Amino acid sequence: MDGSRTPFLLRLCLTLCGLMATLPFLFPYHYFPFLTFYNEWFAFVIGLAALGVMGLAPSRHAVPVPAMCLGLFAFTAVLALQVALGQVA
């Protein structure tokens, strides 16, 4: 793929994916009892940002959703409903 033709959003997504694998290791806070909690949380946030950028990028082809993910989407919807109704501690 020609670098000059690559859309900005796809470059940003690739950059965020690279940062997701490297930047959390530079996080300075390592406190007990969760030594790697903040590193993993930071990687998760960067991964969500990369996913959001990927969703905004234009595409010529529709991306199919695997049938295996439909149950996870339903579970997430039930959890969001419980949070909205105040039933989650």
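In short, a report on the structure. Keep in mind that what you see is a predicted model, and the values were worked out from it rather than measured.

1. Description of the nonpolar core
For soluble globular proteins, nonpolar side chains are generally found buried alongside one another.
Next up, step 1: Judged by nonpolar contacts, Cys-13, Leu-16, Ile-46, Ala-50 and Val-53 together constitute the single largest core of 5 residues.
Next up, step 2: When contributions to this core are tallied by element, the ones reaching two or more residues are α1 (8–22) and α2 (37–56).
Next up, step 3: Residue contributions to this core peak at 3 residues, all from α2.
Next up, step 4: Non-local contacts of Leu-16, meaning those with residues more than four positions away in its chain, are made with Ile-46, Ala-49, Ala-50 and Val-53.

2. Details of the packing of aromatic side chains
Next up, step 1: In this structure the tally under the stated criterion is 1 aromatic pair.
Next up, step 2: Here the aromatic rings of Trp-41 and Phe-44 are separated by 5.6 Å at their centres, their planes lie at 35°, and the arrangement is tilted. Here Trp-41 and its partner Phe-44 are both found in helix α2, 3 residues apart, which amounts to about one turn of the helix.
Next up, step 3: Since its relative accessible area comes to 43%, Phe-44 is described here as partly exposed.

Cut-offs and rules
- Residues numbered from 1 in each chain as written.
- Predicted model: local features only at pLDDT ≥ 70, side-chain atom pairs only at ≥ 80, totals over all residues.
- Heavy atoms only, no water.
- Core = buried A, V, L, I, M, F, W, Y, C linked by side-chain atoms within 4.5 Å.
- Buried < 20%, exposed > 50% of the residue type's maximum accessible area, 1.4 Å probe, protein only.
- Helix = DSSP H or I, 4+ residues; strand = E, 2+ residues; numbered from the N terminus.
- Contact = heavy atoms within 4.5 Å.
- Phe/Tyr/Trp six-rings, centres within 6.5 Å; stacked < 30°, edge-to-face > 60°.

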